[in-house]
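Chain by chain, the residues run as shown.
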Amino acid sequence: MSRLPPSVLLLGGCVVLGAGVGMLLVGDVGSDGFSTLVNGLARASGMPFWAANLLVACGFLGVASARRVRPGWGSVTQIVLVGFVVTVVLSVLPRPEGWAGRIAMVAAAFPVLAAGIAAYLGSHSGAGPAEAAALAWDPPIPFRWSYNLVQGVSALVGWLLGATVGPGTIAVVVLLGPLIDLASRLLRLEVHQGAVAPSPSDRRPS
């Protein structure tokens with residue numbers, strides 16, 4: 001287990017995650033499943049992107065809470081800090097020229113995304129929407145696969161609502177869950193307790 005303080009893991013992980021998301025968006029070959037769902041909902045309903053993002057995020061956290069994966073202060077920090085870092089990255093990182101540069105940018109984004117998610121979940125201070133929804137189904141489905149499932153279903157629904165998908169979207173759905181699992185093992189972090197645990201009164205006897 002990492003000896004870094006939880007606050008360092010949370011803040012550092014969110015900054016790294018935001019950088020990875022920004023790189024993925026700059027590469028512009030398809031966003032992650034969560035963003036695809038938000039974009040599809042915004043297009044289909046006519047609501048602003050930020051409102052669709054808030055609605056989807058609350059929905060995911062609600063599903064996770066129903067499965068006794070509680071949000072915490074880390075959940076709010078993840079949403080706010082990652083969004084801020086993504087905005088900064090998009091303003092300073094130029095879009096690569098040509099497909100080769102864009103694909104290279106997206107490929108470089110994946111280890112950054114995986115390390116950021118593993119670090120902030122390793123703080124055990126609360127998970128963001130997509131990660132919380134995946135943790136809610138582990139068990140019975142291991143996180144490395146439940147995360148892929150959440151991203152895949154989100155991408156499919158977003159596409160059906162009118163959003164576009166690309167190679168980057170498919171790569172996130174297929175690869176990111178196992179990469180997060182690998183990053184957590186390399187960093188000696190436990191991500192499966194990344195959401196706030198239920199209080200003793202919430203636990204049901206087995």
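Because the structure is predicted, anything quoted here is derived from the model rather than measured. (Residues numbered from 1 in each chain as written. Predicted model: local features only at pLDDT ≥ 70, side-chain atom pairs only at ≥ 80, totals over all residues. Heavy atoms only, no water.)

## Overview of the environment of Pro-129
Counting through the fold element by element, Pro-129 comes out in helix α6 (residues 129-135). As a C-alpha pair, Pro-129 and Phe-60 span 69 residues in sequence and 5.2 Å in three-dimensional space. When sequence neighbours within four positions are dropped, the list of residues in contact with Pro-129 reads Phe-34, Ala-57, Phe-60, Leu-61, Gln-78 and Ile-79. (Helix = DSSP H or I, 4+ residues; strand = E, 2+ residues; numbered from the N terminus. Contact = heavy atoms within 4.5 Å.)

## Some points on the pattern of salt bridges
Once the charged atoms of two side chains with opposite charge are near each other, the side chains can pair. On inspection of all chains with the given rule, the structure shows three salt bridges. Between Asp-28 and Arg-95 there is a salt bridge, and its shortest N-O distance comes to 3.4 Å. Here Asp-28 is found in the loop between α1 (6-27) and α2 (33-45), whereas its partner Arg-95 is found in the loop between α4 (73-92) and α5 (98-121), with 67 residues between them in sequence. With a closest N to O distance of 3.2 Å, Asp-181 and Arg-185 form a salt bridge. Highlighted residues: Asp-181 and Arg-185, both in helix α8 (residues 167-186), separated by four residues, approximately one helical turn. By relative accessible area, which is 12% here, Asp-181 ends up buried. Taking the relative accessible area as the measure of exposure, Arg-185 reaches 55% and is therefore exposed. Linked by salt bridges that have partners in common, Asp-28, Arg-95 and Arg-102 make up one network. (Salt bridge = Lys/Arg side-chain N within 4 Å of Asp/Glu carboxyl O. Buried < 20%, exposed > 50% of the residue type's maximum accessible area, 1.4 Å probe, protein only.)

## Here we look at the side chain of Thr-169
Inspection of the secondary structure assignment puts Thr-169 in helix α8. On the basis of relative accessible area, Thr-169 is assigned to the buried category, the value being 2%. If we skip the residues at most four places from it in the chain, Thr-169 touches Val-29, Gly-30, Ser-31, Thr-36 and Ala-155.

## A look at a nonpolar patch on the surface
Where nonpolar side chains cluster on the molecular surface, the patch consists of Leu-149, Val-153, Val-157 and Leu-161 and spans about 300 Å² of accessible area. One can find Val-157 in helix α7 (residues 143-160). A relative accessible area of 34% means that Val-157 is categorised as partly exposed. (Patch = residues over 30% accessible without salt bridge, like charges linked within 9 Å, V, L, I, M, F, W, Y side chains within 5 Å. Areas by Shrake-Rupley, 256 points an atom, 1.4 Å probe, with all protein chains shown as cover.)

## Describing the packing of aromatic side chains
Scanning the model with the defined rule gives two aromatic pairs in all. When the centroid spacing of 5.4 Å and the interplanar angle of 85° are considered together, the rings of Phe-34 and Phe-60 count as edge-to-face. You can see Phe-34 sitting in helix α2 and its partner Phe-60 sitting in helix α3 (residues 49-66), a full 26 residues away along the chain. In terms of burial, Phe-34 and Phe-60 fall into one category: buried. Geometrically, the ring pair formed by Phe-143 and Tyr-147 is tilted, given 5.5 Å between the ring centres and 40° between the ring planes. One end of the pair, Phe-143, and the other, Tyr-147, are both in helix α7, four residues apart, so they sit about a helical turn from each other. Residue Phe-143 shares its accessibility class with Tyr-147, and that shared class is buried. The ring of Trp-137 has Arg-67 lying over it, and the distance from NZ or CZ to the ring centre is 3.9 Å. Sitting above the plane of the Trp-99 ring, Arg-102 keeps its charged end 4.4 Å from the centroid. (Phe/Tyr/Trp six-rings, centres within 6.5 Å; stacked < 30°, edge-to-face > 60°. Lys NZ or Arg CZ within 6 Å of the ring centre and 35° of its normal.)

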